[in-house]
Amino acid sequence: MSLRIDILTLFPEMFPAVLEASIVGRARQAGAVDVHLHNIRDYAGNKHNKVDDRPFGGGPGMVLMCQPLYDAVMDVEAQDERTALRILLSPQGEPLRQPRVESLAAPETGRLLLIAGHYEGIDERVIEAIAPFEISLGDYVLSGGELAAMVLIDAIARLQPGVLGHADSAAEDSFSPRGEGQRRLLDCPHYTRPQVWTGREVPPILVSGDHGAVARWREEQMMERTRARRPDLLSPQPDLASETAPNPSHQGRSERPSQP
Ligand code: SAM
């Protein structure tokens, strides 16, 4: 069965270009991922479709209200019998790295519910109530969680079996576990025709026809690049063992309470 991904957003119109093009489009066409968009505003429950309000205590910006998001989560989850792993895209979440992408892309995940925040943020009480696992794209602030959700979907879709053209191409990428030590190195440099371009030549080993030598050269390049650019990847990574998929029945930060 394909991985089902539900997206809760206030801006569903941001998604089609990304969902239809390139690898994500191919993954959807092949039935590897099944993506459903839902507008949180459809759950506003008031005649002006209002989903945000001013923050208690004053200050700038608006805050996404509890009830529309809570109702959206409950309604969308009921649309499929599989338990969804709730993920809130948030600058305060776990910084996204490849091991987490791999665990979310694994067949055991089954279903993801991605929540894209907007405005100044989301009322904390609904975050406590739905207790999502929180994922951040990095230490900077986006205007909304939509781009972050798209990044996560792209990274997950390309790991679904049969989606990439060459069976091994994901395994050859930066951050993929390699060899006995399952080290996550940066990829080696790549070249294509012409062999000489504006006086710059392709490394001769790559046109030598010696496959063993090419493989060794590539491994050396990966090590060199990683040492030069990301030496942190060569240190022991104590947190890798804990990078298993969060269990949907133990979402994020707190227990799931009964409906407020
Ligand atoms: N006031 C919030 C804070 O400082 O933590 C930032 C709110 S941000 C303007 C609005 C929404 O964008 C967030 O609710 C979240 O969904 C999304 N967002 C912003 N930065 C993000 C990041 N680095 N990773 C993932 N989502 C992000």
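So, here is what we can say about the structure in this document. All of these numbers come straight from a predicted model, not from anything done at the bench.

Another aspect to go through is the site of the ligand. As a structural note, the neighbourhood of the ligand is formed by 19 residues, with Leu89, Gln92, Glu120, Tyr140 and Leu142 the closest of them. In the environment of the ligand, an oxygen atom lies 2.9 Å from a nitrogen or oxygen atom belonging to the backbone of Gly117. Residue Leu137 places a main-chain N or O atom 3.0 Å away from a nitrogen atom belonging to the ligand. About the coverage of the ligand: the protein hides 84% of its 590 Å² of free accessible area. Looking at the shell around the ligand, the elements with two or more residues in it are β5 (85–95) and β8 (133–136). Broken down by element, the residue count for the shell around the ligand peaks at 4 residues, all from β5. Residue classes in the shell around the ligand are distributed as 9 nonpolar, 9 polar and 1 charged.

This brings us to the sheet that holds strand β4 (residues 63–64). Taken in spatial order, the 3 strands line up as β3-β4-β7 in an open sheet, and their pairing is mixed. Bordering the open sheet on either side are β3 (52–53) and β7 (121–122), each of which pairs with just one other strand. Relative to β4, β3 runs antiparallel, the two sharing 2 bridges. Bridging across to β4, Asp53 finds its partner in Val63.

Calculation criteria
- Residues numbered from 1 in each chain as written.
- Predicted model: local features only at pLDDT ≥ 70, side-chain atom pairs only at ≥ 80, totals over all residues.
- Heavy atoms only, no water.
- Near = heavy atom within 4 Å.
- Polar contact = N/O pair within 3.5 Å; in protein donor to acceptor, adjacent residues only side chain to side chain.
- Areas by Shrake-Rupley, 256 points an atom, 1.4 Å probe, with all protein chains shown as cover.
- Helix = DSSP H or I, 4+ residues; strand = E, 2+ residues; numbered from the N terminus.
- Nonpolar A, V, L, I, M, F, W, Y, C, P; charged D, E, K, R; others polar.
- Pairing = 2+ DSSP bridges.

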